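What the coordinates show
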Amino acid sequence: MSPRAPSNFSKLFNLRDGASPFTLVLDSLGQSGRGVVGEFWRRALISKSKVIFISFSTLQKQLLFKPDVFISAHSKPLSQLRREIVAHLPSSPTAPPSTSQQKILLIIDNLHPLASYPNHLSPFLTSLFIHPTISLLCTYHLDIPLPSPTTTTNPYTPTPLTTLLSLATAILEPHNFTHALARKRARDKSAREPEFGIAEGREGVIMGLGNGKTADAKKGEIIITLEIRRRSGRGTRESFVYTPPPPPPAHHTSFSIMTKDLGTIQLLDEHPSFAAPEISDHDSMAKVGGDEGIVGDVTFNLGLTEKQKRDRENVVLPYFDAQKEGGIGSGGKILYEMGAEDREDFDDEEDEI
């Protein structure tokens, strides 16, 4: 973790007490959220937390990590699925939890099967929090459409995404590093920002980019927008650059994780590709004739000659001369000589009187 990374992000990734009971990951075809989920697992493994993976669409062989419990939720009634999950959870506490109790991380790979039943979405998720040590991490795919609502659906029922955004105490939205950098370069040139993915409006099959490395993201960097909700209801929103750890060797079969195997986090504004350039007068100004000159390549010299410099230094400015006792202003005295026009105006006033 970068030393400049905020403590909220560190608490969220490390499953600190009360950091976020319900964390929602909003990924898309432009950037998958699997890398973020994998970072949660690595930090849970270091803290010796129990990881329970609830799979709606992921095969166990496809996982990048090995959870303590794998539960297949495909084609199961919600009541049966809840019983299987609760069987691996601790019972309701009769006393305040202690710091020595093992933390539990519930990971749901895809919320769309649950979102197809909006009336049961909120009751099912909230029924899993039967112990204070439980944290829920869910992924919602923004680019997957939901089935059309039936005629019996209440028209005032909020959409599943609205319900999830209201329940979540922390929202993580990963963005593609290359896409964000291309938009920044367009903004720097006051050009139109490019569109990617479905927003391009092209015909054909759209494929997700996943977490692949590109020329701009050589280490597989991901931009993460974090919105964390405080107890007062207000939220804070910041953007970070997450750099995943290097992949383990092909012959590596152990799941032991050390601190060096964790990814790094830094603020988006501090990343070299997004940081504001530092402007230095010494680097940007071309000196002409010593300490005089102008910026840029020109075919003529606008600098001062030695005689012009001496004449400029010998000029006494009025506000300096007025401060001298023997000067024109006599130490600040205001001198005014009436002109002919002033006398005419004065005579006119006497005539009027």
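Criteria and thresholds
- In every chain, residue numbers begin from 1 and rise along the written sequence.
- The predicted origin of the model limits local features to residues at a pLDDT of at least 70 and limits the giving and counting of side-chain atom pairs to 80 or more, whereas totals for whole chains, interfaces and linings rest on all residues.
- Side-chain figures throughout are based on the complete set of non-hydrogen atoms in the structure, without hydrogens or water.
- Runs of H or I in DSSP of at least four residues are treated as helices and runs of E of at least two as strands, each being numbered from the N terminus.
- Only protein chains enter the accessibility calculation, which uses a 1.4 Å probe; a residue is then buried when its area is under 20% of its type maximum, exposed when over 50%, and partly exposed in between.
- For this analysis, residues touch if any pair of their heavy atoms sits within 4.5 Å.
- Nonpolar core, defined: a set of buried Ala, Val, Leu, Ile, Met, Phe, Trp, Tyr and Cys residues in which side-chain atoms within 4.5 Å join the residues together.
- A pair of strands counts as paired when DSSP detects no fewer than two bridges linking them.
- Take the residue count of a helix, subtract one, and multiply by 1.5 Å to get its expected span.
- Polar contacts, as counted here, are pairs of nitrogen or oxygen atoms within 3.5 Å of one another; within protein the pair requires one atom able to donate a hydrogen and one able to accept it, and residues that are adjacent in sequence qualify only if both atoms are side-chain atoms.
- Axis definition: a line fitted to C-alpha atoms, limited for helices to the stretch in contact. Angles are taken between N-to-C directions and run from 0 to 180 degrees.
- Note on angle classes: values under 35 degrees are labelled roughly parallel, values over 145 roughly antiparallel, values of 65 to 115 roughly perpendicular, and the remainder oblique.
- For any pair of crossing helices, the crossing counts as left-handed if the nearer helix is rotated counterclockwise from the farther one by less than a right angle, and right-handed if it is rotated clockwise.

A closer look at the side chain of Glu221
On the secondary structure map, Glu221 appears in the loop between α7 (177-188) and β7 (222-229). Since its relative accessible area comes to 11%, Glu221 is described here as buried. Other than its neighbours up to four places away in sequence, Glu221 contacts Phe177, Val241, Tyr242, Thr243, Pro244 and His271.

As for the nonpolar core
Of all hydrophobic cores here, the largest spans 30 residues; its most connected members are Ile85, Leu106, Leu111 and Leu125. Top contributing element to this core by residue count: strand β5 (residues 134-141), with four residues. Residues Val37, Phe65, Ile222 and Ile224 belong to the second largest nonpolar core, which totals 25 residues.

Comments concerning the pairing of β5
Counting buried residues in β5 gives eight out of eight residues, a clear majority hidden from the surface. Judged by which residues are buried, β5 turns out to be covered on both faces: Ile134, Leu136, Cys138 and Tyr140 on one side and Ser135, Leu137, Thr139 and His141 on the other are all buried. In terms of strand pairing, strand β1 (residues 22-27) meets β5 through six bridges, oriented parallel. Residue pairing in the sheet places Phe22 in a bridge with Leu136 of β5. Bridge analysis of strand β4 (residues 104-108) against β5 gives five bridges, and the strand direction is parallel. In the sheet register, Ile104 faces β5, and the bridge partner there is Ile134.

Things to note about α7
Helix length check: α7 (twelve residues) gives 17 Å between terminal C-alpha atoms against 16 Å at 1.5 Å per residue, within 8%. Three or more residues of α7 are buried, namely Phe177, His179, Ala180, Leu181, Lys184 and Ala186. Those residues of α7 that are buried lie in contact with β6 (170-176), β7 and β8 (235-243). The N-cap residue of α7 is Asn176: its side-chain oxygen and the backbone nitrogen of Thr178 are 3.0 Å apart.

Details of the environment of His271
Of note, His271 is situated in the loop between β9 (264-267) and α8 (281-284). A C-alpha to C-alpha distance of 8.8 Å links His271 and Phe240, two positions 31 residues apart in sequence.

Quick word on the packing of helix α5 (residues 118-126) against helix α6 (residues 160-167)
Running from amino to carboxyl end, α5 crosses α6 at an angle of 20 degrees, the nearest separation of the two axes being 9 Å. Accordingly, the angle class assigned to the pair α5 and α6 is roughly parallel. For the pair α5 and α6, the crossing hand works out as right-handed. Between α5 and α6, the contacting residues are Pro118, Leu121, Ser122, Leu125 and Thr126 on the first element and Pro160, Thr163, Leu164 and Leu167 on the second.

Some details on helix α2 (residues 34-46)
The first and last C-alpha atoms of α2 sit 19 Å apart over 13 residues, in line with the 18 Å expected at 1.5 Å per residue. Most of α2 sits out of view: ten of its 13 residues are buried. Where α2 ends, the next residue or the one after it, Lys48, has phi of about 60 degrees, a positive value.

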